[in-house]
Amino acid sequence: MESTQQYDFLLDLVTKRRTVRQFKSDPVPDEYVMKIIEVARWAPSGFHTQPWEFVVIRDPNVKAKIVAALDEYGPAIKDPAKNDTPRAGFRDAPVFILALCDWRARVGLPYAPRTIEEAAPLYQSSMANAFMLMHLAAASLGLASQWYTSASRPDAERAIRKIVGIPETLTIYDMMVVGYPAATPGSKIVRDLSDMVHHDACGEQDFRTDEQVEEYARVTKAWCMGEH
Ligand SMILES: Cc1cc2nc3c(=O)[nH]c(=O)nc-3n(C[C@H](O)[C@H](O)[C@H](O)COP(=O)(O)O)c2cc1C
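Residues numbered from 1 in each chain as written. Predicted model: local features only at pLDDT ≥ 70, side-chain atom pairs only at ≥ 80, totals over all residues.

K.L.:
Where do I start with the overall build of the protein in this structure?
P.N.:
Within the protein one finds seven helices and four strands. Secondary structure elements of the protein, listed N to C terminal, follow the sequence α-α-β-α-β-α-β-α-β-α-α. Over its C-alpha trace the protein gives a radius of gyration of 19 Å, about what one expects of a compact globule, namely 17 Å for 228 residues. Viewed in the frame of its principal axes, the protein has a C-alpha envelope of about 55 × 50 × 40 Å. A burial count over the protein gives 25% of its 228 residues as buried. Sequence separation of at least 24 residues holds for 85% of the intrachain contacts in the protein that already meet a minimum separation of 6. (Helix = DSSP H or I, 4+ residues; strand = E, 2+ residues; numbered from the N terminus. Rg over C-alpha atoms; globule rule 2.2 N^0.38 Å. Buried ≥ 20, exposed ≤ 12 C-beta atoms within 10 Å, placed from the backbone. Contact = placed C-beta atoms within 7 Å.)

K.L.:
Would you mind going over the site of the ligand with me for this structure?
P.N.:
The ligand sits among Arg 18, Thr 19, Arg 21, Gln 146, Trp 147, Tyr 148, Thr 149, Ser 150, Pro 185, Lys 188 and Cys 224. Here the residues of the shell around the ligand are counted per class, giving four nonpolar, four polar and three charged. (Near = placed C-beta within 6 Å. Nonpolar A, V, L, I, M, F, W, Y, C, P; charged D, E, K, R; others polar.)

K.L.:
Can you walk me through the nonpolar core in this structure?
P.N.:
Within soluble globular proteins, side chains that are nonpolar tend to cluster in buried spots. With 43 residues, the main nonpolar core has Phe 96, Leu 98, Ala 99, Val 177 and Val 178 as its most contacted residues. Among the elements of the structure, helix H2 (30-41), strand S1 (52-57), helix H3 (60-73), strand S2 (95-102), helix H4 (116-140), helix H5 (154-164) and strand S4 (170-179) are those that each provide at least two residues to this core. A per-element tally of this core places H4 first, with nine residues. When neighbours within four sequence positions are excluded, Val 177 is seen to be in contact with Phe 23, Phe 90, Ala 93, Phe 96, Ser 145, Gln 146 and Tyr 148. (Core = buried A, V, L, I, M, F, W, Y, C linked by C-beta atoms within 7 Å.)

Printed below as a string of structure tokens:
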């Protein structure tokens with residue numbers, strides 16, 4: 001039997017990568033930032049069109065403007081059980097990486113979608129997998145990272161686009177916050193493998209009931225709130 005050493009290494013990295021929401025302001029070497037983006041360069045994409053571009057934000061003035069835009073249009077999630085206003089810990093991180101999607105690349109798709117909407121499913125997946133590799137790369141370098149999806153909310157996106165100077169043909173897919181961790185995430189709850197794998201055929205009886213889905217969602221929502 002083949003050695004599973006590489007798989008074991010991969011699984012270890014995958015489980016070690018966690019979302020961190022509190023960062024030290026210690027600088028991250030440029031070389032590490034480029035290593036993070038290097039792995040995205042090798043990611044698969046629809047018809048190999050590689051629609052991605054990356055903007056690395058390190059300048060404290062630019063960072064401060066982005067933080068202000070996100071405070072206004074995509075603030076940290078507030079736990080209704082707590083009274084305090086959450087302080088978004090990402091503001092302390094030394095690096096933000098904006099992952100942009102260049103929709104013009106869709107001309108390289110075989111069915112040449114005319115609109116962004118037509119290309120969206122393929123490009124969302126292309127961007128997501130490149131982005132995921134970047135988070136794994138950060139974890140492999142001992143860095144903490146966070147997806148900051150609110151950066152792609154329409155109002156926040158408009159504001160950040162203006163701050164950074166992103167042309168109309170590109171959109172912000174997501175923002176990656178990178179730095180050294182100032183907090184350790186709690187242990188993660190995940191669904192059982194046997195609960196989600198189905199063999200050869202499946203029917204309604206093989207999936208969770210509405211009640212089970214709702215109950216689990218309650219658990220994960222509470223868990224997520226606790227982590228924020
Ligand atoms: C598409 C996507 C969007 C996310 N958006 C945010 C976000 O805006 N802010 C945040 O703190 N975490 C965000 N996360 C992180 C998830 O909350 C996190 O992955 C999940 O709770 C599991 O925790 P883990 O990453 O530590 O394994 C996002 C993750 C994904 C995949």
